[in-house]
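Spelled out, the chains give:
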Amino acid sequence: MTGIRGTDGTLRRVAVVGTSLAGVRAAEALRRRGFQDRLTLIGRDTDFPPHDRPPPSQAVLTGGDVDGSRLPVAPDLDAELMMNTTAEGLTLGRTPGGTGGAGGTGGTLRLSAGRTLDFDGLVIATGAEARQPAALVDGHPDVFVLRTFEDSLALRAALLAGPRVAVVGAGFVGCAVASHCRALGLDVTVIEEGPGPLGRVLGTAMGRELAELHRDHGTVMKTGARAVALHPDGVELADGTRVAADVVVVAVGRAPRTEWLRGSGLDVEDGVLLDATCAAAGAPRVVAAGDVARWFNPLFGAVMRVGRRSDTVEQARAAADTLLADGDNASPFESVPYFRSEQYESAIQFVGRGNGVPHVVEGTLAERRFVTAYTDGQHITGALCVNRPSQLARYRRMVAARAPADLILTPEGGQVGLPAGNLTAFESATASTQVA
């Protein structure tokens, strides 16, 4: 075949490590953009296509469709599949003359069962897995960490027995599990080191507000508490107290799967470090996408991860474009992070970054139907919409356009509802930007 090989004509063999959502969508994007040479997908799963990502834990716990959870795949993908295979190492810098170094192109993958695979271009899409501190592995008979689809099924079965539940961690997964347990009428305690749920995303003030949402629905919320050990009857905290539990769910975040990249020369501290185009620094024709990647987002001027499913798909396509481009011809990838969670029948949606100052600009905290906008003093950087789904798109446009903070602040710095005149002018000015 003679298809697209990059502008220098050398891209003939592309390897995609990871059959995650990012990996599958990157492979599809390469084909759609005209790459016709050898394309190899390497995945730990036995079957292809794999289950959707992330494992649909919440859907499974609520009796969702198990059989319909596999990723749809383009019928004309025409890729070589190496399933039930793991990548165990990476050597970069192969050049036609046989010399190595970070400036070379292509490389070699070391795979399980002693196999190797040479490539001209590489997509890293190995995703992330649930963290489980060593102190929270043994000591209790029923500990669950939602790494896989099967883990979610096992937790669902355990909850049918009506146990007391302890959830360690109040991120999106931990909060959703707690909410579901309360819907089943179970006694549940959430143990969170920070001052409130989702504190790393929403900041301290809004985290504390969501803690009250949990307490209002009968969940015991222990904030500022650190789990240090498991015992047959529950969880021991750093202050020496114990939380009684028949089932323990550990939900303390996700760790990028980068162990196999140690020693490769790539910066893999807390994920594969990428530039604004999703290319790995110092490694021509190596890109990454999804949970395993942290890239420089030009919109915020910061290194970050993608959040929602559609962001992952867009980043995978951007990574494919960069792989097919030639150096400076690659385009930067900008994204507005988005998160959504259903907790106690409340719709919690967030766009942007929550590291600025929060201002309640619509509704009230008391009625649990409000919009909080975040600013850095100059621009609107994020927005939290609780039970205000119709407002999400409006605030996302503001974040994407780096709208000025004075749209939501009085000259004295106080908070106000959005001034109608300012808002109308802003929306008119940004209508042609097509920011969805």
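Nothing here was measured: the structure is a model prediction, and the numbers come from that model. All chains use their own residue numbering, which begins from 1 and follows the written sequence. The predicted nature of this model means local features are confined to residues of pLDDT at least 70 and side-chain atom pairs, given and counted, to a pLDDT of 80 or more, with totals for whole chains, interfaces and linings taken over all residues. Side-chain metrics rest on all non-hydrogen atoms present in the structure, leaving aside hydrogens and water.

Here we look at the pairing of strand 16 (residues 247–250)
- Here strand 16 shows no split at all, with Val247 and Val249 on one side and Val248 and Val250 on the other all buried.
- Two strands pair under a simple rule: DSSP has to find at least two bridges between them. Strands are runs of DSSP state E lasting at least two residues, helices are runs of H or I lasting at least four, and both sets are numbered from the N terminus onward. Note that strand 9 (residues 143–144) and strand 16 share two bridges and pair parallel. Across the sheet, Val143 pairs through a bridge with Val248, a residue of strand 16.
- When strand 10 (residues 165–168) meets strand 16, the two strands line up parallel, connected through four bridges. Think of it in three bands: residues with accessible area under 20% of the maximum for their type are buried, residues over 50% are exposed, and the middle band is partly exposed, with areas taken using a 1.4 Å probe on protein chains only.

Some details on the side chain of Ser341
- Residue placement: Ser341 occurs in strand 22 (residues 338–343).
- A polar side-chain atom of Ser341 sits 3.0 Å from a polar atom in the side chain of Gln343.
- Every residue pair with non-hydrogen atoms within 4.5 Å of one another is taken to be in contact. Not counting chain neighbours up to four residues away, the residues in contact with Ser341 comprise Phe172, Ser346, Ala347 and Ile348. Polar contact criterion, stated in full: a pair of N or O atoms within 3.5 Å, where within protein one must be able to donate a hydrogen and the other to accept it, and residues adjacent in sequence count only if both atoms are side-chain atoms.

Observations concerning the pattern of salt bridges
- A pair is scored as a salt bridge if a Lys or Arg side-chain nitrogen falls within 4 Å of a carboxyl oxygen belonging to Asp or Glu. By the definition in use, this model includes 17 salt bridges.
- Salt-bridge contacts for Arg340 lead to Glu342; the nearest nitrogen and oxygen are separated by 2.3 Å.
- On the basis of relative accessibility, which here comes to 42%, the residue Arg340 falls in the partly exposed class.
- Connected via shared salt-bridge partners are Arg25, Glu28 and Arg32.

Some thoughts on the sheet that holds strand 6 (residues 116–119)
- Pairing in this open sheet of three strands is antiparallel, and the strands run 4-5-6 from one edge to the other. With partners counted over all chains shown, the strands left at the sheet margins are strand 4 (87–92) and strand 6, one partner each. Strand after strand, the sheet turns through a mean of 20° between neighbouring axes, direction not considered.
- Examined bridge by bridge, strand 5 (residues 107–111) and strand 6 share four bridges and lie antiparallel to one another. The partner of Arg110 across the bridge, within strand 6, is Thr116. To get an axis, a line is fitted to the C-alpha atoms, and for a helix only the part in contact is used. The angle between two axes follows their N-to-C directions and goes from 0 to 180 degrees.

Quick word on helix 1 (residues 21–32)
- One less than the number of residues in a helix, times 1.5 Å, gives the span that helix is expected to have. Between its first and last C-alpha atoms helix 1 spans 16 Å; for twelve residues at 1.5 Å apiece the expected length is 16 Å, and the two agree.
- By the criterion of burial, helix 1 is predominantly enclosed, with eleven of the twelve residues buried.
- Where helix 1 is buried, its residues touch strand 1 (13–17), strand 2 (38–42), strand 7 (121–124) and helix 7 (309–324).
- Phi turns positive, to about 105°, at Gly34, one or two residues after helix 1.

Section: the layout of surface pockets
- A pocket, in this scheme, is an open set of points on a 1 Å grid over the protein atoms alone with protein on both sides within 12 Å along at least 5 of 7 lines, while a cavity is a set where a 1.4 Å probe fits but cannot get out; residues line either one if an atom lies within 4 Å of a point. Grid points are joined across faces, edges and corners, and a volume is the space filled by probe spheres set on the points. Considered as a void within the structure, the second largest pocket measures approximately 820 Å³ in volume.
- Taken together, 38 residues make up the lining of the second largest pocket; nearest its centre are Thr19, Arg44, Asp45, Thr126 and Arg257.
- For the lining of the second largest pocket, the secondary-structure elements that each account for two or more residues are helix 1, strand 8 (128–130) and helix 3 (149–159).
- Side-chain classes are defined by residue name, with Ala, Val, Leu, Ile, Met, Phe, Trp, Tyr, Cys and Pro counting as nonpolar, Asp, Glu, Lys and Arg as charged, and the others, Gly among them, as polar. Here the residues of the lining of the second largest pocket are counted per class, giving twelve nonpolar, 13 polar and 13 charged.

Describing the sheet that holds strand 7
- Pairing is parallel across the open sheet formed by five strands, whose spatial order is 3-2-1-7-19. At either margin of the open sheet sits one strand with a lone partner, and together these are strand 3 (80–82) and strand 19 (286–288). Between one strand axis and the next, the sheet turns through 15° on average, direction left out of account.
- Taken together, the three bridges between strand 2 and strand 3 define a ladder with parallel strand orientation. Pairing of Ile42 across the sheet is with Met82, part of strand 3.
- Running over the sheet, helix 1 touches strand 1, strand 2 and strand 7 and is turned about 175° from strand 2.
- Relative to the sheet, helix 7 contacts strand 1, strand 7 and strand 19, its axis offset from that of strand 19 by approximately 175°.

Topic: unusual backbone geometry
- With an omega of 0°, the peptide bond running from Phe48 to Pro49 counts as cis.
- With respect to the helices, strands and loops of the structure, Pro49 is situated in the loop between strand 2 and helix 2 (57–61).
- The phi dihedral of Asp78 falls on the positive side, at around 50°, and the residue is not glycine.
- Tracing the chain through its elements places Asp78 in the loop between helix 2 and strand 3.

Quick word on the side chain of Gln343
- Inspection of the secondary structure puts Gln343 in strand 22.
- When neighbours within four sequence positions are excluded, Gln343 is seen to be in contact with Cys175, Ser179, Leu198, Leu213, His214 and Ile348.

Thoughts on the confidence of the model for the protein
- Scored from 0 to 100, pLDDT records how confident the predictor is in each individual residue. Mean pLDDT for the protein: 87, with 85% of residues reaching 70 or above.
- Low confidence marks residues 95–103, where pLDDT is under 50. Its contacts with residues over four positions away, or in another chain, come to ten contacts.
- Throughout residues 431–436 the model reports pLDDT below 50, and contacts reaching past four residues in sequence, or to other chains, amount to four contacts.

Some words on the environment of Val220
- Inspection of the secondary structure puts Val220 in strand 12 (residues 220–223).
- The spatial distance from the C-alpha of Val220 to the C-alpha of Val188 is 6.4 Å, given a sequence separation of 32 residues.
- Apart from residues lying up to four places away in sequence, Val220 is in contact with Val188, Thr189 and Val190.

Thoughts on the pairing of strand 26 (residues 380–386)
- Judged by how many residues are buried, strand 26 sits mostly within the fold: seven of seven residues are covered.
- Bridge count between strand 23 (residues 346–352) and strand 26: five bridges; the pairing is antiparallel. Note on strand 26: the bridge partner recorded for Gln349 is Cys385.
- Note that strand 25 (residues 369–375) and strand 26 share six bridges and pair antiparallel.

Brief notes about the nonpolar core
- Here, the term nonpolar core denotes a set of buried Ala, Val, Leu, Ile, Met, Phe, Trp, Tyr and Cys residues that are joined through side-chain atoms within 4.5 Å. With 72 residues, the main nonpolar core has Leu39, Leu90, Leu109, Leu122, Ile124 and Leu266 as its most contacted residues.
- Broken down by element, the residue count for this core peaks at six residues, all from helix 7.
- Beyond its immediate chain neighbours, meaning those up to four positions away, Leu122 contacts Ala15, Val17, Leu90, Leu109, Arg285, Val286, Val287 and Leu323.
- One finds Ala211, Leu213, Val249 and Tyr344 within the second-largest nonpolar core, a separate group that totals 33 residues.

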